[in-house]
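Observations on the model geometry
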Amino acid sequence: MVKGDLDIISEIPLICKVWTGQTVSTAQVQSADLLWYKEWGWTSRDRLQAYLLSCPAADLGRRKTKDPGLPNFVLPAGQRALAIVQDTCERPSNLLLLNEPEKERSEGLAVCLKGLSFPDKDISRDLAEWIEIQFALGVSRIVLYILDVHWRTRLVIKEYSRLYQQKLQVIPISLPGNLPNTPKLRQHFFKMKVNQKRQNEVLAYNDCLMRNINKAKYVALLDLDEVIVPTEGSLTDLILNLEQISYEKQEVYDSYCFQNFYFFTKQEGSVSTYFSNGNRSSSGTSGEFMKCLHAVQQVRTVHNHLPIHCFSDEESDNC
C-alpha cells in the first residue's frame, strides 16, 4: 500500500512497480480509496487529494522481469523500492523505498498526535502534560507528527524521545506539492485555508494507522487538547471490557467511539491546561465530534473522528 497526495482522480488506471535489486515486479492498483468523504466537497481536480492505493502482493510475486527501469540508480542489497506509473515501460517520476514490517506483537493502544504547527507559540508544558497523561492512562506508544514548533517545545520532544525511546516516535512532515512550507507562511495558509489544512491532516492519520499495523491492536487519533478518559481503571481495562461485551454480543466492531465533552478552565491564566479544569459541559457531542479506538486489523482508512473504509461490510453500522 502506498499513501500520497494525487492531483488526479482515482479512476485513472495505475500500476505498482517494485524493484528488488535488478528484478522488477508489477501489479495493477487494485483500489484507490479517497481519504475524504466526497459529500464534504473540496474535491475539484485542481486540488491535491489524498488516496490509499492498494496493490495485490500475490501479483507482485508472480510478474517479474529483468528490466530495472531506474537509470543510474543502485538499490542497497536487500532494499526494495516502489513507484506508481501508468505504463509498465514508463520511467517513474516518483520513488518510495520500502521497509519490511517489523515483526512485533500487535497489542496495546497507540495514540497519534496530528502535525504540530506552532512556530511561535510555546506549547512545551501542554505537550509534556499530554504525554504524561497518555502513558499514565495505559497508552502503549505515542506517535508525534511535527511540522514546526517553538524551540522550547523541541527541547521537550527531545527529552521525551530520550526517556521513552521504544514508546515515543517523532516524525517530521511537510505539506505536499507546491503548498507553502516556510513556517509563518504555512501558518497563514492554515488560517486562510482551513479545509485544505484538514485534507492534508488525513495523510498523517492514515500514515499512523499503517505504521502501527504490526505494533498495536488499536489506534486513537487525538489533538493536543484531547484525552480519552475511562470512567474507571485504565485504557487497557476499558479495551478489555469493550472486547468482552463484543464477545458476548458476538459482534465485531471496527472502532469503539466515545462522546466528546468539553472541560472549562477553572482559573484564567493557570499554568496547567489539564489540571486546572473544574467544570465539564452538561451534555456531550456525538457524531463528527467523537474520537475512536480503531482496530488496526479491521479499519482500512480513517479521518480525524471516524473510520472511512473498513474491511467489514461498508454498509454496516460498525464502520
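Residues numbered from 1 in each chain as written. Predicted model: local features only at pLDDT ≥ 70, side-chain atom pairs only at ≥ 80, totals over all residues. Heavy atoms only, no water.

A look at the sheet that holds strand 16 (residues 291-295)
Spatial ordering of the open sheet is given by 11-10-9-12-16-13, a layout of six strands whose pairing is mixed. Each having just a single partner strand, strand 11 (168-172) and strand 13 (255-258) make up the two edges of the open sheet. Averaged over neighbouring strand pairs, the angle between their axes works out to 20° when direction is ignored. Bridge count for strand 13 against strand 16 is four bridges, and the pairing is antiparallel. Paired with F258 across the strands is K291, a residue of strand 16. Each of strand 10 (141-149) and strand 11 touches helix 3 (residues 151-163); the most contacted strand, strand 10, lies at about 155° to it. Sitting on the sheet, helix 6 (residues 235-249) is in contact with strand 9 (109-118), strand 12 (218-222), strand 13 and strand 16, with an inclination near 120° to strand 13. (Pairing = 2+ DSSP bridges. Helix = DSSP H or I, 4+ residues; strand = E, 2+ residues; numbered from the N terminus. Axes fitted to C-alpha atoms, helices over the stretch in contact; angles between N-to-C directions. Contact = heavy atoms within 4.5 Å.)

Structural notes on the packing of aromatic side chains
If you walk through the whole model with that rule in mind, you get five aromatic pairs. With 4.5 Å between their ring centres and 40° between their planes, F135 and Y164 make a pair best called tilted. One end of the pair, F135, is in helix 2 (residues 124-136); the other, Y164, is in the loop between helix 3 and strand 11, and 29 residues separate them in sequence. Owing to a relative accessible area of 11%, F135 belongs among the buried residues under this scheme. With centroids separated by 6.1 Å and ring planes inclined at 50°, the aromatic side chains of F189 and F190 adopt a geometry described as tilted. Each member of the pair F189 and F190 is classed as buried. (Phe/Tyr/Trp six-rings, centres within 6.5 Å; stacked < 30°, edge-to-face > 60°. Buried < 20%, exposed > 50% of the residue type's maximum accessible area, 1.4 Å probe, protein only.)

Regarding the pattern of salt bridges
Tallied over the entire structure, the rule returns ten salt bridges. With a closest N to O distance of 2.8 Å, R300 and D33 form a salt bridge. Of this pair, R300 sits in strand 17 (residues 299-302) while D33 sits in strand 4 (residues 31-34); the two residues are 267 residues apart in sequence, bridging distant segments of the chain. Between R162 and E159 there is a salt bridge, and its shortest N-O distance comes to 2.5 Å. Placement of both R162 and E159 in helix 3 is noted, with a separation of three residues, approximately one turn of the helix. Connected via shared salt-bridge partners are K114, K197, E201 and D223. (Salt bridge = Lys/Arg side-chain N within 4 Å of Asp/Glu carboxyl O.)

Concerning the packing of helix 4 (residues 183-192) against helix 5 (residues 194-211)
Packing of helix 4 against helix 5 brings their axes to within 5 Å, and their N-to-C directions diverge by 110°. By the angle class used here, helix 4 and helix 5 are roughly perpendicular. In contact with F189, F190, K191 and M192 of helix 4, helix 5 contributes V194, Q196 and K197. (Parallel < 35°, antiparallel > 145°, perpendicular 65-115°, else oblique.)

Thoughts on the nonpolar core
With 34 residues, the main nonpolar core has L109, L127, W130, I131, I142, L144 and L293 as its most contacted residues. Elements that contribute at least two residues to this core include exactly strand 9, helix 2, strand 10, helix 3, strand 12, helix 6 and strand 16. It is helix 2 that contributes the most residues to this core, six residues altogether. Dropping the residues within four chain positions of it, W130 is found in contact with V111, L113, I142, L144, L222, D223, L224, E226, V227 and Y274. (Core = buried A, V, L, I, M, F, W, Y, C linked by side-chain atoms within 4.5 Å.)

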